[in-house]
Amino acid sequence: MSSTDASVAPSKRCWAGGNAREAATPRELAVSSDIVMLCVTTSEVVDSLIYGENDILAGIPEGATVIDFGTSIPASTRKIGADLADKGAGMIDAPLGRTPAHAKDGLLNIMAAGDRETYDKVKPVLDDQGENVFYVGALGAGHATKLINNFIGMTTVTAMSQAFAVADRSGIDRGLLYEIMSAGPSNSPFMGFCKNYAVDGVSNLGFSISNANKDLGYFLAMVEDLGTRAEIAEGTSHNLEAAVAAGMGDGNVPEIFDYFMTRAR
């Protein structure tokens, strides 16, 4: 996506309709854009779109800005930002929070980071897409904040899903467990998503086990870069990896309940 209505997918081609123009390569997109917006699956895909003879860095004009809306490794983001700066271009990392339903209504939470002048320049674009836009600091801080956010969220879902499975093994009604726990300070929207699946059989979080596994891996890489260790995150990551290995990666994160139920028998 770009401010000049050119568009390109990671496969180098995509459908374009309305007033949009289709770009054959990321370089072609960058050449004709003031703002290039990326929202792709991994840091590796971002790198593949930035670097290369026909990619964004090769065509980015001076004064343009790249916004990465995905969830990426902060160290990679900072490297890309430095390389763009060498071309006179800016970068903002602006990962997204909330659910796909919020995205459709332009009600996302956006954690934006980068040079303040660059941020101020592109903030109207961010405001069009998010209900809450937070400026969190220097480049990479947005992705760091998102990884911390997802560490907390996915650990909560993993723990609550296991709690339902242990309750089942203990002969405790899962619905009653939810009723008791939701009446106290443990209550949260994430607990509600877990209850929807483990009690009601409805899977509606809209975030896959594979994506959660990827994000926890990125969180652990970031923690290692910081010279420390996060053992709670290691435990969450271990369970997510095991669920992916069991063929459950495409399911929404609360469906890890099925993995715990299998282990419980």
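The structure under discussion appears in the preceding block.
Residues numbered from 1 in each chain as written. Predicted model: local features only at pLDDT ≥ 70, side-chain atom pairs only at ≥ 80, totals over all residues. Heavy atoms only, no water.

Participant: Explain the pairing of strand β4 (residues 65-68) to me, and be specific about the residues and the numbers.
Facilitator: Across the two faces of β4 the burial is the same, with Thr65 and Ile67 and Val66 and Asp68 all buried. In this sheet, β4 lies alongside strand β3 (residues 35-38) in parallel orientation, the contact comprising four bridges. In the sheet register, valine 36 faces β4, and the bridge partner there is valine 66. Here β4 pairs with strand β5 (residues 90-93) via four bridges, running parallel. (Buried < 20%, exposed > 50% of the residue type's maximum accessible area, 1.4 Å probe, protein only. Helix = DSSP H or I, 4+ residues; strand = E, 2+ residues; numbered from the N terminus. Pairing = 2+ DSSP bridges.)

Participant: Hey, could you go over the nonpolar core for me, with residue numbers and the actual values?
Facilitator: Phe164, Phe219, Ile256 and Phe257 are the most contacted members of the largest nonpolar core, which totals 35 residues. Of all the secondary-structure elements, those providing two or more residues to this core are α7 (141-169), α9 (189-198), α10 (209-225), α11 (231-245) and α12 (256-264). Looking at this core, the element that brings in the most residues is α7, giving nine residues. Apart from residues lying up to four places away in sequence, phenylalanine 219 is in contact with Leu147, Ile148, Phe151, Ala230 and Ala233. (Core = buried A, V, L, I, M, F, W, Y, C linked by side-chain atoms within 4.5 Å. Contact = heavy atoms within 4.5 Å.)

Participant: Outline the packing of aromatic side chains, supporting the account with residue identities and numerical values.
Facilitator: Applying the stated criterion across every chain, the model contains four aromatic pairs. Pairing tyrosine 197 with phenylalanine 257 gives two aromatic rings, centres 6.4 Å apart and planes at 80 degrees, and the pair type is edge-to-face. A residue pair is termed long-range when its members are at least 10 positions apart, and tyrosine 197 in helix α9 and phenylalanine 257 in helix α12 qualify at 60 residues. Between tyrosine 259 and phenylalanine 260 the ring centres are 5.4 Å apart and the planes differ by 55 degrees, which places this aromatic pair in the tilted class. As far as burial versus exposure is concerned, tyrosine 259 and phenylalanine 260 are alike and both buried. The residue whose ring lies beneath arginine 116 is tyrosine 135, and the NZ or CZ to ring-centre distance is 4.5 Å. (Phe/Tyr/Trp six-rings, centres within 6.5 Å; stacked < 30°, edge-to-face > 60°. Lys NZ or Arg CZ within 6 Å of the ring centre and 35° of its normal.)

Participant: Would you mind going over α9 in detail, with residue names and values included?
Facilitator: In terms of burial, α9 is largely enclosed, as seven of its 10 residues are buried. Of all the residues in α9, the buried ones are Met191, Gly192, Phe193, Cys194, Asn196, Tyr197 and Ala198.

Participant: Would you mind going over the pattern of salt bridges in detail, with residue names and values included?
Facilitator: Summed over the entire model, instances satisfying the criterion amount to eight salt bridges. Here lysine 79 and aspartate 83 are joined by a salt bridge, their closest N and O atoms 3.0 Å apart. In this pair, lysine 79 and aspartate 83 both sit in helix α4 (residues 74-86), four residues apart, roughly one turn of the helix. Notably, a salt bridge pairs aspartate 200 with lysine 195, separated by 2.8 Å at the nearest N-O pair. (Salt bridge = Lys/Arg side-chain N within 4 Å of Asp/Glu carboxyl O.)

Participant: Quick rundown of the packing of α7 against α11? Include the residues and the values.
Facilitator: Where α7 contacts α11, the axes come no closer than 10 Å and their chain directions differ by 60 degrees. It follows that α7 is oblique to α11 by the angle criterion. Here the hand of the crossing between α7 and α11 comes out left-handed. Across the interface between the two elements, Phe151, Met154, Thr155 and Thr158 from α7 touch Ile232, Ala233, Thr236, Asn239 and Leu240 from α11. Its residues assigned to classes, the contact of α7 with α11 shows five nonpolar, four polar and no charged. (Axes fitted to C-alpha atoms, helices over the stretch in contact; angles between N-to-C directions. Parallel < 35°, antiparallel > 145°, perpendicular 65-115°, else oblique. Left-handed = near helix turned anticlockwise from the far one by under 90°. Nonpolar A, V, L, I, M, F, W, Y, C, P; charged D, E, K, R; others polar.)

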